[in-house]
Structure formats: structure tokens, C-alpha cells
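# Observations on chain architecture
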Amino acid sequence: MLYVVATPIGNLGDLSARALEILSACDLIAAEDTRRTQKLLTHFQIRKPLISYYEHNKASRGPLLLEKLRGGQTVALVSDAGTPGISDPGADLIRAAVAEGLPVSMAPGPVAGIMALVLSGLPTERFVFEGFIGTDRKSREEFAGMIASEKRTVIVYEAPHRLIKTLELLSGAAPGRQTAVCRELTKAHEEIRRGTPAELLAYFTEQEPRGEFVIVIEGAPREQTSAAAAPETVYQITEKIMKESEASGIPIKKSDALKEAAARLGISKNRAYALYEEIKKERS
Ligand code: SAM
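On a predicted model such as this, the values are computed, not experimentally measured, just so you know.

### Some details on the overall build of the protein chain
Across its full length, the protein chain carries 11 helices and 10 strands. For the protein chain, the spread of C-alpha atoms along the three principal axes comes to 75 × 45 × 35 Å. In the protein chain, which comprises 284 residues, the proportion classed as buried is 44%. Pairs at least 24 apart in sequence give 71% of the contacts found in the protein chain among residues at least 6 apart. When the accessible surface of the protein chain is summed, it comes to about 14,500 Å², and 50% of that surface belongs to carbon and sulfur atoms. If you average the places of the 37 positive and of the 37 negative side-chain charges in the protein chain, the two averages end up 2 Å apart.

Here it is, written out as C-alpha cells:
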């Protein structure tokens with residue numbers, strides 16, 4: 001039997017009684033990071049053989065684990081935190097076991113994205129889980145295009161050092177949409193900040209983002225189908241890019257700063273230019 005076992009995302013009290021039972025009774029534990037899992041097992045006084053199973057060795061470890069399962073062993077699969085297979089390794093092994101007709105079951109438990117969705121206070125009837133949105137320009141542009149017209153609540157995982165960039169993108173592609181930034185869930189410094197992307201951007205520009213984050217974004221209103229960036233945000237981001245480039249000693253032209261701002265916001269350069277000029281005119 002392959003048991004998928006969810007583990008805590010911060011608070012050890014969230015390991016379920018059933019997860020504990022399975023980890024204590026299995027023959028072998030396949031873990032994303034054996035050292036991290038060993039700490040969890042030591043805390044609960046469990047001694048079991050561990051085998052590492054992660055993104056870069058799953059091709060060779062998968063067949064080995066399937067062999068053990070065919071031989072009748074019970075294998076527990078855990079990731080570093082939360083539910084295996086959710087932005088974590090596991091899905092391939094589960095798929096392969098299912099394809100062979102091997103029995104698969106689960107001790108369900110924490111998923112950061114689901115906890116964030118529930119605490120966001122946003123509609124939960126229909127939602128989209130995007131996981132990490134990617135760091136390259138193409139993935140971010142695709143995401144911006146998708147979110148502008150997505151009517152369901154959207155859940156995104158983000159690293160602390162990319163939070164500002166993603167809030168900038170949302171300020172352009174999903175302005176005015178209620179958003180919740182959920183930080184350090186189940187931990188001592190758990191915090192949920194709610195507001196528009198521009199409000200959250202202002203807050204986290206002052207308050208350096210630290211810890212683990214999930215962003216939950218309200219779906220687009222029924223009638224809205226395309227991006228409508230706030231002129232103020234376009235102006236601020238363009239000015240910020242120009243100031244930063246000046247400070248670094250390599251000043252860039254306004255047109256290049258606008259191009260960069262447009263990319264960050266997920267809108268066209270022409271649109272960014274028009275919105276920038278709108279604010280400039282208002283201020284002059
Ligand atoms: N498998 C995990 C799950 O079930 O949620 C997700 C693993 S993924 C590699 C790690 C990301 O999940 C983090 O970068 C963060 O976006 C989110 N995350 C995990 N724990 C969190 C927590 N305690 N608070 C907020 N976000 C968390």
C-alpha cells in the first residue's frame with residue numbers, strides 16, 4: 001500500500017492521529033528531504049527507514065519504490081510540509097502506482113493554499129490553484145492575461161523575495177480586486193492582510209516580506225473580461241524603476257522604464273504609456 005501522508009505546514013500539532021499511526025506502522029518512508037522528515041519523526045519518537053524521493057531523483061527512485069509496493073510493503077510518502085503532490089513531489093509516484101493498479105490511500109491534512117483560501121474570506125464555491133506562477137517573463141505574462149479575466153478565486157504560492165513583483169503584476173492585471181496575502185500560516189507570526197493589490201503593495205513596500213506566503217485573489221467581476229491597470233500604479237512603478245536605475249549609476253530612458261513597468265504589470269507598452277501620461281497630465 002502507498003500511503004500519501006500530509007504533514008504540518010508549521011505547527012506540529014497539525015499532524016493527524018492517523019498520519020502518526022501510518023508513519024509508525026509503515027515499512028518505509030519516502031521523503032522529499034530525509035533530514036527534515038527525520039526531525040519530525042524524532043519529535044514523535046518514530047524510527048523508520050527513510051529513502052529520499054524528490055524532484056531530481058524521482059526518475060530513478062520511483063521504480064525502486066514501485067518494486068517495494070509490488071512486493072507488498074507499505075510505503076508512506078511525505079513532503080517537506082503539507083500535502084505531497086501539491087507544489088511538491090509525489091504526483092508521479094501516485095500516478096505510476098494507480099497505473100499499475102497498486103493500492104493507494106492517504107492521511108489527509110494541511111494544504112497552505114486551502115487554508116489561505118478559507119481565511120481570505122473570498123468566495124470558495126469555485127477556485128483555481130495556480131501554485132507558483134514562475135519567474136520567467138513569459139509565464140508571468142501568461143498569468144497576467146489569465147487573471148485579468150478569471151472569474152473564480154485564484155490561489156498563488158509565492159516566495160518572499162518575489163512578493164512585491166507579484167503584487168505589482170496584480171496591481172496592473174487585477175486592480176481593485178480584493179486580495180489576501182496570507183503569511184506564516186499556523187505559525188507564531190501568522191498574518192492575513194486584506195486589500196486591493198495596490199494597498200498590499202504599499203504595505204509590503206514598507207514592511208519587508210518575510211516568511212512563507214500564499215496570495216488569494218478575488219475573481220474578476222462577471223462583466224470584466226480584460227485588464228485595466230490603475231494609472232497611479234503605472235506611474236509609481238515607472239518612477240520607481242527610473243529612480244532605481246539612476247541610483248545604480250546606469251540611468252535608463254523613460255520609454256525603457258515604461259516597457260519594464262508594462263511587463264511587470266502584464267499590460268501592453270502602449271497602454272502603460274497612456275496611463276502614465278494620464279497621471280502626468282493630472283499632476284501638471
Ligand atoms: N505541499 C505544500 C502544501 O500542501 O501547501 C506546498 C509546498 S510548496 C513547495 C511551499 C509553498 O507553500 C511556500 O513557498 C508557500 O507559498 C506555501 N506555504 C507552505 N507553508 C506555508 C505557511 N505556513 N504559510 C504560508 N504559506 C505556506
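More follows now that the structure is in view.
### A word on the pattern of salt bridges
Per the counting criterion, the structure on display carries 16 salt bridges. E142 is paired through a salt bridge with K138; the nearest N and O atoms lie 3.2 Å apart. On the criterion of helical spacing, the pair formed by E142 and K138 is a turn pair, its members being 4 residues apart in helix α6 (residues 137-149). For K138, a relative accessible area of 57% gives the class exposed.

### Observations concerning the packing of aromatic side chains
Considering all chains together, one arrives at 5 aromatic pairs under this definition. Counting every residue linked through ring pairs, the aromatic cluster contains F129, F132 and Y157. The ring of Y203 carries the charged tip of R193 above its face, separated from the ring centre by 3.9 Å.

### Describing the site of the ligand
In the vicinity of the ligand there are 20 residues, among which I86, D88, Y157, L185 and F213 approach most closely. The contact in question runs from a nitrogen atom of the ligand to an N or O atom on the backbone of L185, over 2.8 Å. A distance of 2.6 Å separates an oxygen atom of the ligand from a polar atom in the backbone of F213. Taken together, the elements giving at least two residues each to the shell around the ligand come down to β7 (153-158) and β10 (213-217).

### Section: the sheet that holds β10
Judged by pairing direction, the sheet is mixed, and its 5 strands sit side by side in the order β6-β7-β10-β8-β9 without closing on themselves. Every interior strand has two partners, whereas the edge strands, β6 (127-132) and β9 (191-195), have only one. Averaged over all pairs of adjacent strands, the angle between strand axes in this sheet comes to 15°, irrespective of strand direction. Of the pairings in the sheet, the one linking strand β8 (residues 179-183) to β9 comprises 5 bridges and is antiparallel in character. The residue bridging V181 from the neighbouring strand is R193, located in β9.

So, how was this worked out
Residues numbered from 1 in each chain as written. Predicted model: local features only at pLDDT ≥ 70, side-chain atom pairs only at ≥ 80, totals over all residues. Heavy atoms only, no water. Helix = DSSP H or I, 4+ residues; strand = E, 2+ residues; numbered from the N terminus. Buried < 20%, exposed > 50% of the residue type's maximum accessible area, 1.4 Å probe, protein only. Contact = heavy atoms within 4.5 Å. Areas by Shrake-Rupley, 256 points an atom, 1.4 Å probe, with all protein chains shown as cover. Lys, Arg positive; Asp, Glu negative; His and termini not counted. Charge placed at Lys NZ, Arg CZ, Asp CG, Glu CD. Salt bridge = Lys/Arg side-chain N within 4 Å of Asp/Glu carboxyl O. Phe/Tyr/Trp six-rings, centres within 6.5 Å; stacked < 30°, edge-to-face > 60°. Lys NZ or Arg CZ within 6 Å of the ring centre and 35° of its normal. Near = heavy atom within 4 Å. Polar contact = N/O pair within 3.5 Å; in protein donor to acceptor, adjacent residues only side chain to side chain. Pairing = 2+ DSSP bridges. Axes fitted to C-alpha atoms, helices over the stretch in contact; angles between N-to-C directions.

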